[in-house]
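In case you want the letters, here they are:
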Amino acid sequence: LDEGLPLEWVPRAEIVQELTSAATPEDRLRILSEHFDEILDDCESVLTDISHDWANQCRSALSALRQPGLEGPAQSHAGNIIDSVVLAILGRKGRDIAVQRAEEPYEDLPLHVAVENLVLRPLFLGFAQWYPHNRDPIPTHFARHPTAHAVGHVGVFSRQNALIAVMLATSLTVQFWEEPAAP
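Fair warning: this is a prediction, and the values are worked out from it, not measured in the lab. (Residues numbered from 1 in each chain as written. Predicted model: local features only at pLDDT ≥ 70, side-chain atom pairs only at ≥ 80, totals over all residues. Heavy atoms only, no water.)

Student: Tell me what's going on with the overall build of the protein chain, and back it up with residues and numbers.
Tutor: In terms of regular secondary structure, the protein chain is built from 10 helices and 0 strands. Listing every helix and strand of the protein chain by position from the N terminus yields α-α-α-α-α-α-α-α-α-α. Here the protein chain has a C-alpha radius of gyration of 15 Å; the compact-globule value for 183 residues is 16 Å, and the two agree. Taken over 183 residues, the protein chain has a buried fraction of 46%. In the protein chain, the share of contacts with a sequence separation of at least 24, taken over all contacts with a separation of at least 6, comes to 59%. Surface accessibility of the protein chain: about 9200 Å² in total, with carbon and sulfur atoms responsible for 52%. Of the charged side chains in the protein chain, 13 are positive and 26 negative, and the gap between their average positions amounts to 7 Å. (Helix = DSSP H or I, 4+ residues; strand = E, 2+ residues; numbered from the N terminus. Rg over C-alpha atoms; globule rule 2.2 N^0.38 Å. Buried < 20%, exposed > 50% of the residue type's maximum accessible area, 1.4 Å probe, protein only. Contact = heavy atoms within 4.5 Å. Areas by Shrake-Rupley, 256 points an atom, 1.4 Å probe, with all protein chains shown as cover. Lys, Arg positive; Asp, Glu negative; His and termini not counted. Charge placed at Lys NZ, Arg CZ, Asp CG, Glu CD.)

The following block contains the structure:
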């Protein structure tokens, strides 16, 4: 959960079990790669009955990710979906609120709050700040900030980061599309 991997709503339970049983972060990334198409199928499946525009846009990101060479557009689009959902649900300071909620311990939360926490948890890394002018190394995980502001920097866009971004956009959409604040 602290590696920025969405585990709520997607992927399917068998893959989540593999991920949680894996010994290392590298093993978990290998599992994501091995189940790439299945995970995309899982994302499509949970979005099937949702007509909200967030779901429509997630389907567009999924379609792009299924096309070789379109990982960057898929990742960028998913990053924008993530940002849109968070800002719509949590307001102008939504990114900060989401990161704060993502850091909360979930063990003692009531079930409905724990589910929301699990959906938001990947945002701790997903909203990590990174600025190209600081010469910091590019994050090795998906992060919206370099995705939005560091086009052209090697390492920002990858098949793996795009998959995680699409999974996160899907998870957030499924969790929050019926919220009163959703447009």
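Student: Could you give an account of the packing of helix H1 (residues 13-21) against helix H2 (residues 25-34), naming the residues involved and the relevant values?
Tutor: One way to put it is that H1 packs onto H2 with a least axis distance of 8 Å and a crossing angle of 155 degrees. As the angle between them shows, H1 and H2 are arranged roughly antiparallel. Read as a crossing pair, H1 and H2 show a hand that is right-handed. Where H1 approaches H2, its residues Ile-15, Glu-18 and Leu-19 are matched on the opposing element by Arg-28, Ile-31 and Leu-32. A breakdown of the residues in the contact of H1 with H2 according to their chemical character gives 4 nonpolar, no polar and 2 charged. (Axes fitted to C-alpha atoms, helices over the stretch in contact; angles between N-to-C directions. Parallel < 35°, antiparallel > 145°, perpendicular 65-115°, else oblique. Left-handed = near helix turned anticlockwise from the far one by under 90°. Nonpolar A, V, L, I, M, F, W, Y, C, P; charged D, E, K, R; others polar.)

Student: Which residues make up the nonpolar core, and what values do they have?
Tutor: Core analysis: the biggest nonpolar cluster contains 47 residues, and Leu-123 and Leu-172 have the highest contact counts within it. Looking at this core, the elements with two or more residues in it are H1, H2, helix H3 (36-47), helix H4 (53-65), helix H5 (71-90), helix H6 (94-103), helix H7 (111-120) and helix H10 (159-176). In terms of residue count, the dominant contributor to this core is H10 (11 residues). Ignoring anything within four residues of it in the chain, the contact list for Leu-172 reads Ile-82, Val-85, Val-86, Val-119, Leu-120, Leu-123 and Trp-177. (Core = buried A, V, L, I, M, F, W, Y, C linked by side-chain atoms within 4.5 Å.)

Student: Please set out unusual backbone geometry residue by residue, giving values where relevant.
Tutor: With an omega of -5 degrees, the peptide bond between Val-10 and Pro-11 qualifies as cis. The residue Pro-11 is located in the segment before H1 in this model. Non-glycine residue Trp-9 carries a positive phi angle of around 80 degrees. Position of Trp-9 relative to the elements: it lies in the segment before H1. Positive phi values are uncommon outside glycine, yet Arg-135 reaches one of about 60 degrees. Within the fold, Arg-135 resides in the loop between helix H8 (123-126) and helix H9 (144-149).

Student: Requested: an account of the packing of aromatic side chains, with residues and values cited.
Tutor: Applying the stated rule across the entire model yields 0 aromatic pairs. Between the NZ or CZ atom of Arg-159 and the centre of the ring of Phe-36, over which it lies, the distance is 3.5 Å. (Phe/Tyr/Trp six-rings, centres within 6.5 Å; stacked < 30°, edge-to-face > 60°. Lys NZ or Arg CZ within 6 Å of the ring centre and 35° of its normal.)

Student: Residues and numbers for the side chain of Gln-75, please.
Tutor: Take Gln-75: it is sitting in helix H5. When near neighbours in sequence (up to four residues on either side) are disregarded, Gln-75 contacts Phe-142, Thr-147, Val-156, Phe-157, Ser-158, Asn-161, Ala-162 and Ala-165.

Student: Describe the packing of H3 against H10, naming the residues involved and giving the relevant values.
Tutor: Two elements in contact, H3 and H10, have axes whose closest approach is 10 Å; the angle formed by their N-to-C orientations is 20 degrees. The orientation of H3 with respect to H10, classified from their angle, is roughly parallel. Taken as a pair, H3 and H10 cross one another with a handedness that is left-handed. For the pair formed by H3 and H10, the contact residues are Phe-36, Ile-39, Leu-40, Cys-43, Val-46 and Leu-47 on the first element and Arg-159, Leu-163, Val-166, Met-167, Thr-170, Thr-173 and Val-174 on the second.

So yeah, pure geometry; function would need other evidence.
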